[in-house]
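Working through the structure, step by step
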Amino acid sequence: MSDEHWYEDETGSMVRPYTVTRGRTRPSDRHAVDLLSQVTAVEPDGAAHPELDHARASLLDRIRRGPRPVAELAADADLPLTVVRVLLGDLAEAGLVRIDRPRRVQATGPAADPQLLREIVERLKKL
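Let us look at the structure shown here. Model, not experiment: these values are computed from the prediction.

**Side note on the overall build of the protein**
When helices and strands are tallied, the protein shows five helices and five strands. When the helices and strands of the protein are read in sequence order from the N terminus, they spell out β-β-α-β-α-β-α-α-β-α. Out of the 127 residues in the protein, the part that is buried amounts to 27%. Accessible area of the protein: about 9300 Å², with a carbon and sulfur share of 51%.

**So, the packing of helix α2 (residues 54-64) against helix α3 (residues 70-77)**
Contact pair α2 / α3: the axes reach a minimum separation of 11 Å and the direction vectors enclose 125 degrees. By the angle between their axes, α2 is oblique relative to α3. For the pair α2 and α3, the sense of crossing is right-handed. Facing α2, whose interface residues are Leu-59, Arg-62 and Ile-63, α3 presents Leu-73, Asp-76 and Ala-77. For the contact of α2 with α3, the per-class residue count stands at four nonpolar, no polar and two charged.

Rules and cut-offs
- Residues numbered from 1 in each chain as written.
- Predicted model: local features only at pLDDT ≥ 70, side-chain atom pairs only at ≥ 80, totals over all residues.
- Heavy atoms only, no water.
- Helix = DSSP H or I, 4+ residues; strand = E, 2+ residues; numbered from the N terminus.
- Buried < 20%, exposed > 50% of the residue type's maximum accessible area, 1.4 Å probe, protein only.
- Areas by Shrake-Rupley, 256 points an atom, 1.4 Å probe, with all protein chains shown as cover.
- Axes fitted to C-alpha atoms, helices over the stretch in contact; angles between N-to-C directions.
- Parallel < 35°, antiparallel > 145°, perpendicular 65-115°, else oblique.
- Left-handed = near helix turned anticlockwise from the far one by under 90°.
- Contact = heavy atoms within 4.5 Å.
- Nonpolar A, V, L, I, M, F, W, Y, C, P; charged D, E, K, R; others polar.

Right under this line is the structure:
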């Protein structure tokens, strides 16, 4: 991993996002990368570690510090969410990360009341 910075504080990014993703705007269909998906580093099988460019290596370093949601990774990396999703897809393809879909929480109590939800929608429409 390199200590080079790909941005300047005064001018912003020196490398356009589409060059980091090689022109891709979404990850492969094999990996669902949701905004709230939890990303965990995985040690690759075997002795060979794939060669990573600066952007992917930097993102992997952040993930190795502990499991993190995609949205948090994008904010910490100061990269657009679409770029982070592509990079995470690449890391998952290389077997370096695991992307877990967010768990659905079943609403109970007043938040699960359909009548209350309809009333909220109606009041929002009036705004």
